[in-house]
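Structural features, examined
In case you want the letters, here they are:
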Amino acid sequence: MGSTSDLPVMEKAAKFLDEMEVPFEMHALSAHRTPEEVEHFAKEAKGRGIKVIIAAAGMAAHLCGVIASMTTLPVIGVPINASLDGMDALLAIVQMPPGIPVATVGINGALNAGILAVQILSVGDPALQDKLAGYKEALKTKIVKANAELAEVKYKHKTN
Ligand code: RP5
(Lines give C-alpha, C1' and ligand atoms only; values in the text may rest on other atoms or scores of the structure.)
Protein backbone atom coordinates (compact mmCIF):
# COMPACT_ATOMS: atom_id res chain seq x y z
CA MET A 1 0.00 0.00 0.00
CA GLY A 2 1.06 3.54 -0.69
CA SER A 3 0.62 4.57 2.95
CA THR A 4 -0.47 3.02 6.22
CA SER A 5 -3.50 5.32 5.93
CA ASP A 6 -4.65 2.69 3.38
CA LEU A 7 -4.49 -0.06 6.02
CA PRO A 8 -8.09 0.19 7.29
CA VAL A 9 -9.20 -0.73 3.76
CA MET A 10 -6.45 -3.25 3.04
CA GLU A 11 -7.15 -5.15 6.26
CA LYS A 12 -10.01 -6.86 4.43
CA ALA A 13 -7.52 -8.47 2.04
CA ALA A 14 -5.23 -9.44 4.90
CA LYS A 15 -8.07 -11.06 6.86
CA PHE A 16 -9.15 -13.05 3.80
CA LEU A 17 -5.61 -14.28 3.15
CA ASP A 18 -5.38 -15.30 6.81
CA GLU A 19 -8.71 -17.15 6.47
CA MET A 20 -7.38 -19.00 3.41
CA GLU A 21 -4.07 -19.69 5.24
CA VAL A 22 -2.11 -18.07 2.42
CA PRO A 23 1.22 -16.54 3.53
CA PHE A 24 1.61 -12.88 2.59
CA GLU A 25 3.69 -9.78 3.24
CA MET A 26 2.49 -6.22 3.83
CA HIS A 27 4.54 -3.16 2.94
CA ALA A 28 4.04 0.59 2.85
CA LEU A 29 5.77 1.70 -0.35
CA SER A 30 5.09 4.92 -2.20
CA ALA A 31 5.72 5.55 -5.89
CA HIS A 32 6.22 9.23 -5.04
CA ARG A 33 7.73 9.25 -1.57
CA THR A 34 9.93 6.13 -1.68
CA PRO A 35 10.42 5.31 -5.38
CA GLU A 36 13.74 3.51 -4.81
CA GLU A 37 12.12 1.11 -2.32
CA VAL A 38 9.28 0.46 -4.77
CA GLU A 39 11.78 -0.40 -7.51
CA HIS A 40 13.72 -2.70 -5.20
CA PHE A 41 10.55 -4.48 -4.10
CA ALA A 42 9.16 -4.88 -7.63
CA LYS A 43 12.41 -6.14 -9.12
CA GLU A 44 13.15 -8.58 -6.28
CA ALA A 45 9.64 -9.94 -5.70
CA LYS A 46 9.67 -12.76 -8.24
CA GLY A 47 13.11 -13.98 -7.16
CA ARG A 48 11.90 -14.10 -3.53
CA GLY A 49 9.09 -16.47 -4.51
CA ILE A 50 6.22 -14.00 -4.48
CA LYS A 51 3.50 -15.10 -6.92
CA VAL A 52 0.97 -12.22 -6.94
CA ILE A 53 1.17 -8.58 -5.89
CA ILE A 54 -1.77 -6.58 -4.56
CA ALA A 55 -0.97 -2.88 -4.84
CA ALA A 56 -3.23 -0.30 -3.20
CA ALA A 57 -2.99 3.45 -3.51
CA GLY A 58 -5.09 6.57 -3.34
CA MET A 59 -5.00 9.95 -5.08
CA ALA A 60 -2.50 10.05 -8.01
CA ALA A 61 -2.15 6.30 -7.63
CA HIS A 62 0.94 5.39 -9.62
CA LEU A 63 2.12 2.61 -7.32
CA CYS A 64 0.31 -0.25 -9.04
CA GLY A 65 1.38 0.65 -12.56
CA VAL A 66 4.94 1.39 -11.55
CA ILE A 67 5.22 -2.01 -9.88
CA ALA A 68 3.62 -3.68 -12.91
CA SER A 69 6.19 -2.01 -15.15
CA MET A 70 9.03 -3.76 -13.33
CA THR A 71 7.79 -7.33 -12.95
CA THR A 72 6.02 -10.07 -14.91
CA LEU A 73 4.09 -11.12 -11.79
CA PRO A 74 0.35 -10.42 -11.91
CA VAL A 75 -0.46 -7.12 -10.20
CA ILE A 76 -3.90 -6.47 -8.71
CA GLY A 77 -4.64 -2.80 -8.13
CA VAL A 78 -6.89 -1.45 -5.38
CA PRO A 79 -7.98 2.17 -5.83
CA ILE A 80 -8.25 3.75 -2.39
CA ASN A 81 -10.81 6.45 -1.69
CA ALA A 82 -8.45 9.11 -0.33
CA SER A 83 -9.87 12.01 -2.39
CA LEU A 84 -12.41 12.70 -5.17
CA ASP A 85 -14.44 9.67 -3.97
CA GLY A 86 -11.60 7.43 -5.20
CA MET A 87 -12.26 8.22 -8.86
CA ASP A 88 -8.77 9.72 -9.23
CA ALA A 89 -7.14 6.52 -8.01
CA LEU A 90 -9.50 4.28 -9.99
CA LEU A 91 -8.69 5.98 -13.28
CA ALA A 92 -4.97 6.17 -12.52
CA ILE A 93 -4.85 2.42 -11.80
CA VAL A 94 -7.23 1.04 -14.41
CA GLN A 95 -6.15 3.13 -17.41
CA MET A 96 -2.82 1.43 -18.01
CA PRO A 97 -1.27 1.67 -21.48
CA PRO A 98 -1.15 -1.46 -23.65
CA GLY A 99 1.46 -3.93 -22.44
CA ILE A 100 1.42 -3.14 -18.71
CA PRO A 101 -1.89 -4.41 -17.27
CA VAL A 102 -3.04 -3.95 -13.71
CA ALA A 103 -6.05 -6.11 -12.75
CA THR A 104 -8.08 -3.38 -11.10
CA VAL A 105 -10.82 -4.07 -8.56
CA GLY A 106 -13.43 -1.55 -7.41
CA ILE A 107 -12.77 1.48 -5.21
CA ASN A 108 -11.73 0.20 -1.75
CA GLY A 109 -12.20 -3.33 -3.17
CA ALA A 110 -9.58 -4.93 -0.96
CA LEU A 111 -11.60 -8.07 -0.27
CA ASN A 112 -12.05 -8.76 -3.97
CA ALA A 113 -8.33 -8.17 -4.47
CA GLY A 114 -7.60 -10.81 -1.83
CA ILE A 115 -10.04 -13.24 -3.41
CA LEU A 116 -8.66 -12.67 -6.91
CA ALA A 117 -5.11 -13.17 -5.63
CA VAL A 118 -6.08 -16.49 -4.07
CA GLN A 119 -7.91 -17.52 -7.25
CA ILE A 120 -4.71 -16.86 -9.23
CA LEU A 121 -2.65 -18.78 -6.67
CA SER A 122 -5.11 -21.68 -6.71
CA VAL A 123 -4.47 -22.54 -10.37
CA GLY A 124 -2.79 -25.93 -10.07
CA ASP A 125 -3.50 -26.10 -6.30
CA PRO A 126 -6.62 -28.26 -5.72
CA ALA A 127 -6.49 -27.82 -1.92
CA LEU A 128 -6.66 -24.03 -2.28
CA GLN A 129 -9.43 -24.38 -4.88
CA ASP A 130 -11.41 -26.39 -2.32
CA LYS A 131 -11.00 -23.64 0.29
CA LEU A 132 -12.21 -21.06 -2.23
CA ALA A 133 -15.16 -23.25 -3.16
CA GLY A 134 -16.07 -23.44 0.56
CA TYR A 135 -15.89 -19.66 0.86
CA LYS A 136 -18.11 -19.13 -2.19
CA GLU A 137 -20.59 -21.74 -0.93
CA ALA A 138 -20.84 -19.79 2.35
CA LEU A 139 -21.67 -16.65 0.35
CA LYS A 140 -24.46 -18.54 -1.35
CA THR A 141 -25.82 -19.82 1.97
CA LYS A 142 -25.85 -16.26 3.34
CA ILE A 143 -27.99 -14.98 0.45
CA VAL A 144 -30.32 -18.01 0.51
CA LYS A 145 -30.91 -17.29 4.24
CA ALA A 146 -31.39 -13.57 3.55
CA ASN A 147 -33.92 -14.38 0.84
CA ALA A 148 -35.86 -16.63 3.21
CA GLU A 149 -35.91 -13.85 5.85
CA LEU A 150 -37.03 -11.34 3.22
CA ALA A 151 -39.94 -13.62 2.35
CA GLU A 152 -41.21 -13.09 5.93
CA VAL A 153 -41.24 -9.29 5.59
CA LYS A 154 -44.81 -8.19 5.00
CA TYR A 155 -46.16 -5.16 3.14
CA LYS A 156 -49.74 -4.53 2.12
CA HIS A 157 -48.99 -4.85 -1.60
CA LYS A 158 -46.05 -7.31 -1.40
CA THR A 159 -47.15 -10.50 -3.11
CA ASN A 160 -44.52 -13.02 -1.94
C1 RP5 B 1 -1.33 7.67 -1.53
O2 RP5 B 1 -1.70 8.87 -0.97
C3 RP5 B 1 -1.58 6.63 -0.48
O4 RP5 B 1 -1.82 5.39 -1.06
C5 RP5 B 1 -2.76 7.17 0.27
O6 RP5 B 1 -3.98 6.59 -0.21
C7 RP5 B 1 -2.75 8.65 -0.06
C8 RP5 B 1 -2.58 9.53 1.15
O9 RP5 B 1 -1.43 9.15 1.84
P10 RP5 B 1 -1.11 9.75 3.30
O11 RP5 B 1 -0.94 11.23 3.13
O12 RP5 B 1 -2.28 9.40 4.19
O13 RP5 B 1 0.16 9.06 3.76
O14 RP5 B 1 0.01 7.68 -1.91
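Residues numbered from 1 in each chain as written. Predicted model: local features only at pLDDT ≥ 70, side-chain atom pairs only at ≥ 80, totals over all residues. Heavy atoms only, no water.

Quick notes on the domain arrangement of the protein chain
Each assigned domain of the protein chain is listed with its residue range as follows: domain 1 (4-124) and domain 2 (125-160). For domain 1 versus domain 2, the separation of C-alpha centres amounts to 29 Å. Contacts between domain 1 and domain 2 engage 13 residues on the former and eight residues on the latter. Approximately 870 Å² of surface area, both sides summed, lies buried where domain 1 meets domain 2, with 64% of it carried by carbon and sulfur atoms. At the boundary of domain 1 and domain 2, one finds one salt bridge. (Domains from an automatic or database assignment. Contact = heavy atoms within 4.5 Å. Buried area = accessible area lost by both parts, 1.4 Å probe. Salt bridge = Lys/Arg side-chain N within 4 Å of Asp/Glu carboxyl O.)

Considering the site of the ligand
The local shell around the ligand consists of Gly2, Ser3, Ser5, Asp6, Arg33, Ala57, Gly58, Met59 and Ala82. Take serine 5: an N or O atom from its side chain is 2.6 Å from an oxygen atom of the ligand. Between the ligand and glycine 58, the relevant distance is 3.1 Å, taken from an oxygen atom to a main-chain nitrogen or oxygen of the residue. Its free accessible area being 360 Å², the ligand has 74% of it covered by the protein chains. The residue inventory of the shell around the ligand, partitioned by class, reads three nonpolar, four polar and two charged. (Near = heavy atom within 4 Å. Polar contact = N/O pair within 3.5 Å; in protein donor to acceptor, adjacent residues only side chain to side chain. Areas by Shrake-Rupley, 256 points an atom, 1.4 Å probe, with all protein chains shown as cover. Nonpolar A, V, L, I, M, F, W, Y, C, P; charged D, E, K, R; others polar.)

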